[in-house]
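A structural walkthrough
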Amino acid sequence: MSGEIFNRLIKKIKSYHPSDDLSMIEKAYKLADEAHKGQLRKSGEPYIIHPIEVAYILADLELDIESITAGILHDVAEDTHYTIEDLEVMFSREVALLVDGVTKLSQIKYKSSNKELQKEEIQAENYRKMFLAMAQDIRVVLIKLADRLHNMRTLGFMPPHKQKEKAQETLTIFAPIAHRLGICKIKAELEDLALSYIEPEAYSELEDQIESRLGERLEMIDDIVNKVKEQLKLGGIEAYVEGRPKHLFSIYKKIVNKNKTFDQIYDIFAVRAIVKNVKDCYAVLGVIHEIFTPMPGRFKDYIAMPKSNMYQSLHTTLMGFEGIPFELQIRTEDMHRTAEYGIAAHWKYKDGKVEGKAQDKSEEKLAWLRQILEWQREMSDNVEFMDALKLDLDVYNDQVYVFSPQGELLTIPKGCTPIDFAYHIHSDIGNKMVGAKVNDKIVTYDYTIKNGDRIEILTSKSAKGPSKDWLKIVKSTQAKNKINQWFRKQDKEEDIIRGKELLELGAKQRGFNLVALMDTQCVDTITQRYGLKNWTAVCASVGHGTLKEKQIIQRLIDENVKHHKIEKPDIKTDKEILQEHQEKSEHTEPEPYNTGKSRSGIVVEGIGDISVRFSKCCRPLPGDDIVGYVTRGRGVSIHRTDCTNVEHMPDDEKERLIDARWNDQQNISRTYITEIQIVGTERMGIIVDISRVLTDMRLDVKSLNARTTKAGEVLFNVRMEIIHTQQLDEIIRKVHQIPDVLEVLRVAG
């Protein structure tokens, strides 16, 4: 059986390949047949049939020998004992790289304990590899698409939940990618197959309705085709004219998106005229408009304004016989080949070799791929990358054509705003934007750009940068990424400044000058220990709160002592303190908790009279779960159990942790210092509203500081005395109700 399919493949290749030397293909088949021997698909058929069918789909796209060879071998490295290195030795480096590009990343491990998140990350990582491979050789994704197409054709043998999962993934990612690359031949079949599993009832009903009217509609289309042929012949225009039914998914989308019934969808068939040159395309349009009435607003010139996937054609919707509309597509032979094969058309053989300027042309056209690669560099988070990719692919079919002030024609996603346009031009234009004009009139930021608009972005050198509100307005993934990137950079700069200040203060509290502690060798040890690039990254982490300044200062002191840069400070070691704590516990009467009075309102297990203090890193309050930490000569430090310092404490220091609890009776009259941060929109009177809430609750406010961010938000930091977390929750709830307050946070330290 596999032999027959292979012979069919060879026959297909010979129909377009100029050479009789297909020895590489034959060698790949023999190796794959031997490697997959004994392996079966879910259908029960030999596994070798799958790679041969994948190769046949590639041959149907008229790809080169290396691509088809890689198609036959694409599962060998993953499912058999052969490696990529083996394939490079046995075939070529080119074939090995193609196979490696489509091999699934099944060995990736992630720390996430959430299975769904882990699955999403693995999937996103696979797509990252796909796009990186595309950057090196676009044929990788063509093989991947062929692999997915054959899997979809045989999806019926999978369990129902797998069928829906694969179909949804195909509709969300693979069909849009096929469209982006212009391969309508594969895109249409992927969409129809996916629909048959996602909405089987709707698919079946649609199929029956089309079948019931097929004879009637085919007769009508034949009459139209004959009429068009006759008129073009009279006009001296040589053309190939055909009628074809539109694929089911495109009809289904019209029914759903436009809320119509099948009876209201008339253009379920299209007529196509293929001519010799561009001049004839427009000549056909003139002839056709003389015999059929064009429908207003339904003409599209994709020749003058090609789609981003290189598609070119004239589209016009005409009123046919008996008042039934139909669509006519007019294109040249080259345009038709690009429409069917897309980027794959550039690997078609011509006179024994690949077309000369294929690589250059594809690089010019695939700006979208370069954008994807830019995202990969900017996004470390796999899930963020996946969301961006889905969002971008979701709008792949809707574009508008606009003009710059200089008259340059540009393509942007449908629904975009002037902010999107600004970031489409350049990041600096977007970051310095202060307004926009459309067709010489000032417009709002949320104006929806329309076809033919001439857009001018107004900028200012003194602009503060984008606003976070813009993220709610923009539609394009590119603009959202650029705005988020700007805020990450600004936040990082603020974190670095804050981190340096905290480290300097931390060193001063220990009696040191920070600069004196920053020996190159000691700093290098610190950065390596925490996996950071340099000292600036350490400062940023401290400013952000990921690392604590006391933790870093102690490490610096320890490293300086170790390398004899400074003398050892007069502080007890961990071992000495633990030993002292153990000896004291042995001479204390055993009791589950110290029941003696404590000014701190804390009781600690197994400890008698000991100094207790509250950590400033998490500021625990009655009602918080707490834990004690035996410090170096300064008693017990009380932390919240969810404190960052406790959670990231090295194992050797966790031995210092001891149980602690609140003395509820003693905490009735005691107050504790805490701090909240209020994030709001800058407006007159907001500080009065906040003060009124704090006064009404009779709070003892110790300090209230306010500052404005570059994003136009105002931050209030309030330090006050309270008695319990319940009181804090009530404060946060009431402040949150103040108009223009966006967020209220409890400050950890």
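The residue count restarts for each chain, going from 1 along the sequence in the order it is written. Given that the model is predicted, a residue must reach a pLDDT of at least 70 before its local features are reported, and side-chain atom pairs must reach 80 or more before they are shown or counted; all residues, however, enter totals for whole chains, interfaces and linings. Side-chain numbers here rest on the full set of heavy atoms in the structure, without hydrogens or water.

**Things to note about the environment of asparagine 151**
Among the structural elements, asparagine 151 can be located in helix α9 (residues 139–153). Burial classes: relative accessible area under 20% of the type maximum marks a residue as buried, over 50% as exposed, and values in between as partly exposed (1.4 Å probe, protein chains only). Asparagine 151 sits in the partly exposed class, given a relative accessible area of 24%. Two residues form a contact once any of their heavy atoms are found within 4.5 Å. Residues in contact with asparagine 151, not counting those within four places in the same chain, are Arg41 and His50. Residues adjacent in sequence count toward polar contacts only when both atoms are side-chain atoms; beyond that, a polar contact is any pair of N or O atoms within 3.5 Å, and within protein one must be able to donate a hydrogen and the other to accept it. Side chain to side chain, asparagine 151 and arginine 41 meet in a polar contact 2.8 Å long. Starting at the N terminus, helices and strands are each numbered in turn, a helix being any DSSP run of H or I of at least four residues and a strand any DSSP run of E of at least two.

**Observations regarding the sheet that holds strand β16 (residues 636–640)**
Here the rule is simple: two strands pair whenever DSSP picks up at least two bridges between them. Reading across the sheet, the five strands line up as β13-β17-β15-β16-β14 and stay open at both edges, with mixed pairing between neighbours. One side of each edge strand has no neighbouring strand; the edge strands of this open sheet are β13 (602–604) and β14 (612–614). Along the sheet, successive strands turn relative to each other by an average axial angle of 35 degrees, direction set aside. Axis geometry follows a simple rule: fit a line to the C-alpha atoms, using only the stretch in contact for helices, then measure angles between N-to-C directions, giving values from 0 to 180 degrees.

**What to know about the confidence of the model for the chain**
Across the chain, the average pLDDT comes to 78, with 79% of residues at 70 or higher. Scored from 0 to 100, pLDDT reflects the predictor's confidence in each residue. Segment residues 105–117 is flagged for pLDDT under 50; beyond a separation of four residues in sequence, or across chains, it makes 14 contacts in the model.

**Comments concerning the packing of aromatic side chains**
Only Phe, Tyr and Trp rings take part, Trp by its six-membered ring, and two of them pair if their centres are within 6.5 Å. Stacked means planes under 30 degrees apart, edge-to-face means over 60, and tilted covers everything else. Counted under the stated rule, the structure contains nine aromatic pairs. Ring centres of phenylalanine 249 and tyrosine 252 lie 6.4 Å apart, and the angle between their planes is 35 degrees; this geometry places the pair in the tilted category. Residue phenylalanine 249 and its partner tyrosine 252 are both found in helix α13 (residues 248–257); the two are separated by three residues, about one turn of the helix. When the centroid spacing of 5.4 Å and the interplanar angle of 80 degrees are considered together, the rings of tyrosine 445 and tryptophan 470 count as edge-to-face.

**With respect to α9**
Helix span, as expected, comes to 1.5 Å for every residue beyond the first. Between the first and last C-alpha of α9 there are 21 Å, a value that for 15 residues agrees with the 21 Å anticipated at 1.5 Å per step. With 13 of its 15 residues buried, α9 lies for the most part within the structure.

**Digging into the side chain of histidine 315**
Positionally, histidine 315 belongs in strand β4 (residues 314–319). Note on histidine 315: relative accessible area 10%, which makes it buried. Among the polar contacts made by the side chain of histidine 315, one reaches the side chain of tyrosine 311 at a distance of 2.7 Å. Look past the residues within four positions of histidine 315 in its chain and what remains in contact with it is Arg298, Phe299, Lys300, Tyr302, Glu327, Leu328 and Gln329.

**With respect to the sheet that holds strand β5 (residues 325–332)**
On the basis of which strands lie adjacent, the open sheet formed by five strands has the order β1-β2-β5-β4-β3 and mixed pairing. One side of each edge strand has no neighbouring strand; the edge strands of this open sheet are β1 (239–245) and β3 (293–301). Adjacent strand axes in the sheet meet at a mean angle of 20 degrees when their direction is disregarded. Judged from the five bridges that link them, β3 and β4 form a sheet pairing that is antiparallel. Directly across from lysine 300, in β4, lies its bridge partner histidine 315. Across the face of the sheet, helix α15 (residues 333–341) comes into contact with β2 (269–275) and β5 while running at roughly 110 degrees to β5.

**Some words on the nonpolar core**
By convention a nonpolar core is built from buried Ala, Val, Leu, Ile, Met, Phe, Trp, Tyr and Cys residues, the set being connected through side-chain atoms within 4.5 Å. The biggest cluster of nonpolar side chains holds 64 residues, and the ones touching the most others in it are Leu9, Ile13, Ile68 and Leu73. With near-sequence residues (within four places) excluded, isoleucine 13 lies in contact with Leu22, Ile25, Ala59, Ile65 and Ile68. Counting 37 residues, the second-largest nonpolar core is a separate cluster that includes Ile221, Ile268, Ala273 and Met335.

**Quick look at the packing of helix α11 (residues 184–198) against α13**
Contact geometry for α11 and α13: axes closest at 8 Å, N-to-C directions at 60 degrees. Along its contact with α11, which presents Glu191, Asp192 and Leu195, the element α13 presents Leu248, Phe249 and Tyr252. The residue inventory of the contact of α11 with α13, partitioned by class, reads four nonpolar, no polar and two charged. Side-chain classes are defined by residue name, with Ala, Val, Leu, Ile, Met, Phe, Trp, Tyr, Cys and Pro counting as nonpolar, Asp, Glu, Lys and Arg as charged, and the others, Gly among them, as polar.

**A few points about a nonpolar patch on the surface**
Patches here: salt-bridge-free residues with over 30% relative accessible area, like charges joined within 9 Å, nonpolar side chains (Val, Leu, Ile, Met, Phe, Trp, Tyr) joined within 5 Å. Per-residue and other accessible areas follow the Shrake-Rupley method at a 1.4 Å probe size, with only the shown protein chains counted as cover for residues. Every case where a carboxyl oxygen of Asp or Glu lies within 4 Å of a side-chain nitrogen of Lys or Arg is listed as a salt bridge. A cluster of nonpolar side chains, contributed by Ile687, Val688, Val701 and Leu704, occupies part of the molecular surface with about 270 Å² of accessible area. If you list the elements that add at least two residues to the nonpolar patch, you get α29 (686–696) and β19 (700–708). Within the fold, isoleucine 687 resides in helix α29.

**What about the environment of isoleucine 553?**
Relative to the assigned elements, isoleucine 553 resides in helix α26 (residues 549–562). Those residues in contact with isoleucine 553, other than ones at most four positions away along the chain, are Leu503, Gly506, Ala507, Arg510 and Leu514.

**Considering a negative patch on the surface**
Residues scored as positive are Lys and Arg, those scored as negative are Asp and Glu, and His as well as the terminal groups of each chain are ignored. To locate a charge, the coordinates of NZ of Lys, CZ of Arg, CG of Asp or CD of Glu are taken. A surface patch of negative charge is lined by Glu199, Glu201, Glu205, Glu207, Asp208 and Glu211. Assignment of secondary structure puts glutamate 207 in helix α12 (residues 200–234). Residue classification places glutamate 207 among the partly exposed residues on the basis of a relative accessible area of 40%.

**So, the state of the cysteines**
Disulfide assignment relies on a single distance test, namely cysteine sulfur atoms paired within 2.5 Å. Taken as a whole and judged by the stated rule, the model has zero disulfides. Here cysteine 618 is not cross-linked by a disulfide; its sulfur's nearest cysteine counterpart is in cysteine 643, at 3.8 Å.

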